Amino acid sequence: MDTATLTRPAVLILLGPPGAGKGTQARMLEDRFGLVQLSTGDLLREAVAQGTEAGKAAKAVMEAGELVSDEIVINILRDRLKAPDVSRGVILDGFPRTTMQAEALDHLLAETGQKIDAAISLEVDDAAMVERISGRYTCANCGEGYHDSFKTPEVDGVCDECGGTEMKRRADDKAETVASRLEAYHAQTAPLIGYYRDRGVLQEVDAMKPIKDVAGTVQSLTADVIS
Ligand code: AP5
């Protein structure tokens, strides 16, 4: 882990379409900087699995590849930000996704005197995203992400991180759902690139490069902004 001392909690946002590598890079940033990955997709999947009211409302929307309502997502994130483990800082993975969510985040951070250190936009081609998503799977035990071609475990079927042998694929990683997810991204989330550029915190990264090259760039600009 990076030994740099933080004088205040860091707030990083990872922006990018489905499959851009937000989750992959967030986990590597967690390891290096001791920040906590907050993925609204993971929080919503957890709510669906637990059968909470929010989960019941979100299930069909997620399966259709559309965005869950701002109200549900903002409430889930607000609650998660109150947990003690986020004191060193957070990597927001998949949030905000609409202008209303971005404005809500500004208010939430202002209440605690925090600010956004960087909004890192992972720039990729739509065409490559279907291949990335359809080849994706994760360890059912620890959540480590893999890909049939781009990131395979050292021993086939065994997680490098925890030794788990059960792997799972996401219900919304089907070609037809991926098309809706990309559409939602371009219509509702891509405008946030301009939102954060106007606030002087946007960092654009070429995420078509191999995972380790993208990680090098993302981690070096993170080290610059949080130290
Ligand atoms: P969410 O879970 O956030 O999914 P997503 O944004 O569609 O993003 P993904 O998790 O699919 O991709 P990723 O960018 O993390 O890529 P990954 O690192 O896994 O959201 C799911 C749903 O929840 C939404 O559709 C919506 O319904 C709802 N939702 C969530 N947040 C919401 C919000 N704020 N508001 C409203 N609704 C919300 O990488 C993908 C694969 O590619 C992996 O196999 C990986 O190994 C590989 N890979 C990664 N980087 C590279 C690289 N550089 N080269 C080659 N392969 C790579």
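Preceding block: the structure.
First, a word on what this report is: a plain description of the structure on this page. (Residues numbered from 1 in each chain as written. Predicted model: local features only at pLDDT ≥ 70, side-chain atom pairs only at ≥ 80, totals over all residues. Heavy atoms only, no water.)

**Quick look at the overall build of the chain**
Part 1 of the argument: Helix and strand counts for the chain stand at 9 helices and 8 strands.
Part 2 of the argument: For 227 residues, the compact-globule estimate of 2.2 N^0.38 gives 17 Å, and the chain sits close to it at 17 Å.
Part 3 of the argument: Dimensions of the chain, computed from C-alpha atoms along their principal axes, come out at roughly 45 × 40 × 35 Å.
Part 4 of the argument: For the chain, buried positions account for 44% of its 227 residues.
Part 5 of the argument: Within the chain, counting contacts between residues at least 6 apart in sequence, those at least 24 apart form 70% of the total.
Part 6 of the argument: Entry remark: accessible area of the chain is about 11,400 Å², with carbon and sulfur atoms responsible for 50%.
Part 7 of the argument: Averaging the positions of the 25 positive and the 37 negative side-chain charges in the chain gives two centres separated by 2 Å. (Helix = DSSP H or I, 4+ residues; strand = E, 2+ residues; numbered from the N terminus. Rg over C-alpha atoms; globule rule 2.2 N^0.38 Å. Buried < 20%, exposed > 50% of the residue type's maximum accessible area, 1.4 Å probe, protein only. Contact = heavy atoms within 4.5 Å. Areas by Shrake-Rupley, 256 points an atom, 1.4 Å probe, with all protein chains shown as cover. Lys, Arg positive; Asp, Glu negative; His and termini not counted. Charge placed at Lys NZ, Arg CZ, Asp CG, Glu CD.)

**Here we look at the site of the ligand**
Part 1 of the argument: The ligand sits among 34 residues. The nearest are Thr24, Glu66, Arg97, Arg136 and Arg181.
Part 2 of the argument: Residue Arg45 places a side-chain N or O atom 2.9 Å away from an oxygen atom belonging to the ligand.
Part 3 of the argument: Within the backbone of Val68, an N or O atom sits 3.1 Å from a nitrogen atom of the ligand.
Part 4 of the argument: Within the complex, 95% of the 1,000 Å² of free accessible area of the ligand lies under protein.
Part 5 of the argument: Of all the elements in the fold, those that place two or more residues in the shell around the ligand are α1 (22–33), α2 (40–50), β6 (145–147) and α9 (211–226).
Part 6 of the argument: It is α2 that contributes the most residues to the shell around the ligand, 4 residues altogether.
Part 7 of the argument: Taken together, the residues that form the shell around the ligand break down as 15 nonpolar, 9 polar and 10 charged. (Near = heavy atom within 4 Å. Polar contact = N/O pair within 3.5 Å; in protein donor to acceptor, adjacent residues only side chain to side chain. Nonpolar A, V, L, I, M, F, W, Y, C, P; charged D, E, K, R; others polar.)

**Topic: a negative patch on the surface**
Part 1 of the argument: Together, Asp31, Glu154, Asp160 and Glu161 make up a region of like negative charge exposed at the surface.
Part 2 of the argument: Among the secondary structure elements, Glu161 is positioned in the loop between β6 and β7 (167–168). (Patch = residues over 30% accessible without salt bridge, like charges linked within 9 Å, V, L, I, M, F, W, Y side chains within 5 Å. Salt bridge = Lys/Arg side-chain N within 4 Å of Asp/Glu carboxyl O.)

**Some details on the nonpolar core**
Part 1 of the argument: One finds Ile13, Leu44, Leu92, Leu105, Ile116 and Tyr196 to be the most contacted residues of the largest nonpolar core, which totals 32 residues.
Part 2 of the argument: For this core, the secondary structure elements donating two or more residues are β1 (10–15), β2 (36–39), α2, α3 (53–63), α4 (70–81), β3 (89–93), α5 (99–111) and α8 (191–198).
Part 3 of the argument: Of the residues forming this core, the biggest block, 5 residues, is contributed by α4.
Part 4 of the argument: Dropping the residues within four chain positions of it, Ile13 is found in contact with Leu92, Phe95, Pro96, Leu105, Ile116, Ala118, Ala119, Ile120 and Tyr196.
Part 5 of the argument: With 24 residues, the next largest nonpolar core counts Leu12, Phe33, Ala118 and Val124 among its residues. (Core = buried A, V, L, I, M, F, W, Y, C linked by side-chain atoms within 4.5 Å.)

**Here's the deal with the sheet that holds β7**
Part 1 of the argument: Overall, antiparallel pairing links the 3 strands, which are arranged β6-β5-β7 in an open sheet. Each edge of the open sheet is held by one strand with a lone partner, namely β6 and β7. (Pairing = 2+ DSSP bridges.)

**Comments concerning the packing of aromatic side chains**
Part 1 of the argument: The final tally for this structure, using the stated rule, is 2 aromatic pairs.
Part 2 of the argument: Taking 5.8 Å as the distance between ring centres and 25° as the angle between the ring planes, the aromatic pair formed by Tyr137 and Tyr146 counts as stacked.
Part 3 of the argument: Classification of Tyr146 as buried rests on a relative accessible area of 3%.
Part 4 of the argument: On the basis of an interplanar angle of 80° and a centroid distance of 5.0 Å, the ring pair of Tyr195 and Tyr196 is categorised as edge-to-face. Both residues of the pair, Tyr195 and Tyr196, count as buried.
Part 5 of the argument: When the ring centre of Tyr146 is taken as origin, the NZ or CZ atom of Lys151, which lies over that ring, is 5.2 Å away. (Phe/Tyr/Trp six-rings, centres within 6.5 Å; stacked < 30°, edge-to-face > 60°. Lys NZ or Arg CZ within 6 Å of the ring centre and 35° of its normal.)

**Topic: the pattern of salt bridges**
Part 1 of the argument: Within this structure, the stated rule accounts for 15 salt bridges.
Part 2 of the argument: Ionic pairing is found between Lys56 and Glu53, a salt bridge with its closest N-O pair at 3.4 Å. You can see Lys56 and its partner Glu53 sitting in helix α3, 3 residues apart, about one turn around the helix.
Part 3 of the argument: Of the charged contacts in the structure, one is a salt bridge between Asp172 and Arg181, with a shortest N-O distance of 3.7 Å. With respect to class, Asp172 is no different from Arg181; both count as buried.

**Concerning the side chain of Ser121**
Part 1 of the argument: Along the chain, Ser121 falls in strand β4 (residues 118–123).
Part 2 of the argument: Overall, the relative accessible area of 1% leaves Ser121 in the buried class.
Part 3 of the argument: Ser121 has contacts with Leu15, Ile193, Leu202, Gln203, Glu204 and Val205, leaving out every residue within four places of it along the chain.

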